[in-house]
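Understanding the architecture of this molecule
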Amino acid sequence: MKVTWKLPDGSEISADVAEGLSMMEAAVAQNVPGVVGECGGNLSCATCHVQVAEPWAARVGGPDDFEDAMLDTVEAARGPGSRLSCQIRASADLDGLVLIVPEA
Amino acid sequence: MTVWSPNDDGFADLTSHDTFVQGAPHNTFARLRREDPVHWTDWDQGQGFWSITRHADITEMNRQPDVFSSARGIRMEDQTYEEYLARRTFQETDPPEHMQTRVKVARAFSKPVIAEYEQDIRDLCDEILDQALEAREFDATKAIARQLPMRMLGRILGTPEADLPWLVEKGDALIANTDPDFTDHVLDKMDTDAFRMMPFNSPAGAELYQYAKELMEHKARTGDTNGILNLILNPGRDGGVISETEFRNFFCLLVAAGNDTTRYSIAAGIQAMCHQPELLGQMQAGGDVWETAADEIIRWATPALYFRRTATQDVEVHGKTIRAGDKVLYWFASANRDETVFDDPFRVDLARSPNKHLSFGQGGPHICLGMWLARLEVRVLFEELSKRLTSIEPAGPHEFLRSNFVGGIKALPVRVTPA
Ligand code: HEM
Ligand code: FES
């Protein structure tokens, strides 16, 4: 599947991501600035915060309770499409996904 | 290859606390990374254990808490199930149970909440440094490194200033329980059986429990809302409040984990300034260097030398079979000198970026809760210290703690010329 990260400075990074990989792992592999992923995808650091761009938010779905609580600890302001990207897995039905990296 | 520890022949005994009084045995770690990355050690005082020394392996294993569990002890010492129940904190639980506590405390220690303490930390640094630098020669661990985390701990806990030295003494007795300078109950040198059920095997743990209980009651009675901990005592969005047992365990954990680690990071940074005089100028030039300096100092220090896991199933790693029930040690001290990850790992490079050090246990669910606080304290301390100095040099040999668990310079004589 193809994913695009939109950065605060207006630039974009796109990549093909293998099925099953998390969006945090994919971002780290692509050196997407602002997605650090310090806890290895274990929902403990909140350094993998992104906002899912419309019209993708509904298809990606919302956070579960633990993720929801951790989203209250993020550095950049939390928005409606906010997710911790280690909790989003690449799958064919998300092909074309656009993720916004919020300004810290 | 002699890289750092002149007395380490590459075959140091990792079970011996005495090995570490010369600093971590980096020649041994370098050899293990090269030749034997999943290394078995027999131990006469308990079950033997595996040592994982490569950065890539620790990172890969740490993110799998279902295979490598924290729930059977996180130090080298064996622990029975009864002991575990009596004294565990959420650091000794696995997901999803771990998350239940972690989410309750995460906001209080999050980057944006901690950032609000920058001015407080700077004010404390002013006081501490003004006092320390009145002397031209002093012990920098005692006069500087020990002071800032201790005073900040008071802010976090919301405890009276007057109680702080007592609290820090107890915290040291818990963590440095193998160094006679810090405890009367040296763990490997006397029968600590009577203390088995106490937090950290130590009567200091029992005293801290009692203190925490009284503090909680006092706060409830007087409506005192001081301290970051108060965020945790107050009902969360879901109405959930941390239970009394959870609070007492958490309190002990903070006193133990939030104190000496930051202290020894600051001490290691000052030691680096003594041995690499160019660092002072780089700090004084300022700017971008402060984006990266704290992490590099904390990499250099690696105060938590290792943490342990226990395998929950048989797994093969680099041709060795780790059996269910085997203890596995992640040697962060080794990973942070891994030459395949860090250029010139034995040099302090304040501008190092990226800096994927593992000092905070990065890569796993137990990643340090206090990392934003520690990073902020270290950065502000060195910003303020470097402003005030023309030079700093050793005034004698430094001494390491007697511990294979906490890596720290416990005595650091320095000579300074103030600016
Ligand atoms: C430079 C200073 C510090 C270092 C090097 C450090 C190191 C670590 C490491 C390596 C872990 C992970 C343990 C594991 O994987 O089992 C950890 C966890 C933890 N640290 Fe720190 N720490 C530091 C400062 C602090 C501070 C200032 C606090 C609090 C005020 C703190 C509180 C904690 C807590 C509560 C945990 C347990 C988290 C969990 O299990 O989810 N630490 N620390
Ligand atoms: S990587 Fe830590 S919360 Fe996503």
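None of these values were measured; they are calculated from a predicted model.

Now for helix H12 (residues 244-257) of chain B. Each full turn of the α-helix corresponds to 3.6 residues, which orients residues three or four apart in the same direction. With 14 residues, H12 of chain B should cover 20 Å at 1.5 Å per step; its first-to-last C-alpha distance of 20 Å lies within 8% of that length. Among all positions of H12 of chain B, only Phe247, Arg248, Asn249, Phe250, Phe251, Cys252, Leu253, Leu254, Val255 and Ala256 of chain B are buried.

Of the residues in chain A, 100% have a pLDDT of 70 or more, and the chain-wide mean is 95. No element of chain A has a lower mean pLDDT than helix H2 (residues 57-60) of chain A, at 93, and none a higher one than strand E4 (residues 82-84) of chain A, at 98.

This brings us to the side chain of Thr28 of chain B. All names here are of chain B. Within the secondary structure, Thr28 is located in helix H1 (residues 26-35). Among the residues examined, Thr28 registers a relative accessible area of 2% and is labelled buried. At a separation of 3.5 Å, a polar atom in the side chain of Thr28 contacts the main-chain carbonyl oxygen of Gly10.

All names here are of chain B. Close to ligand 1 lie 27 residues; His98, Arg102, Arg309, His366 and Cys368 are nearest. Measuring from an oxygen atom of ligand 1, one finds a side-chain N or O atom of Arg102 at 2.8 Å. A distance of 2.7 Å is found between an oxygen atom of ligand 1 and a side-chain nitrogen or oxygen belonging to His366. The set of elements that each furnish at least two residues to the shell around ligand 1 consists of helix H4 (97-106), H12, helix H13 (260-275), strand E5 (306-311) and helix H17 (371-387). Broken down by class, the residue content of the shell around ligand 1 amounts to 15 nonpolar, ten polar and two charged.

Attention now moves to the sheet that holds strand E4 (residues 137-139) of chain B. All names here are of chain B. A sheet is described by the order of its strands in space; here three strands give the open sequence E4-E12-E9, paired in antiparallel fashion. The strands lining the two open edges of the sheet, one partner per strand, are E4 and strand E9 (389-394). Recorded for the sheet is a direction-independent mean angle of 30° between the axes of neighbouring strands. Note: E9 against strand E12 (residues 413-418), five bridges, orientation antiparallel. Within the sheet, the bridge partner assigned to Ile392 lies in E12 and is Val416.

Cut-offs and rules
- Residues numbered from 1 in each chain as written.
- Chains lettered and ligands numbered in written order.
- Predicted model: local features only at pLDDT ≥ 70, side-chain atom pairs only at ≥ 80, totals over all residues.
- Heavy atoms only, no water.
- Helix = DSSP H or I, 4+ residues; strand = E, 2+ residues; numbered from the N terminus.
- Expected span 1.5 Å × (residues − 1).
- Buried < 20%, exposed > 50% of the residue type's maximum accessible area, 1.4 Å probe, protein only.
- pLDDT = per-residue confidence, 0-100.
- Polar contact = N/O pair within 3.5 Å; in protein donor to acceptor, adjacent residues only side chain to side chain.
- Near = heavy atom within 4 Å.
- Nonpolar A, V, L, I, M, F, W, Y, C, P; charged D, E, K, R; others polar.
- Pairing = 2+ DSSP bridges.
- Axes fitted to C-alpha atoms, helices over the stretch in contact; angles between N-to-C directions.

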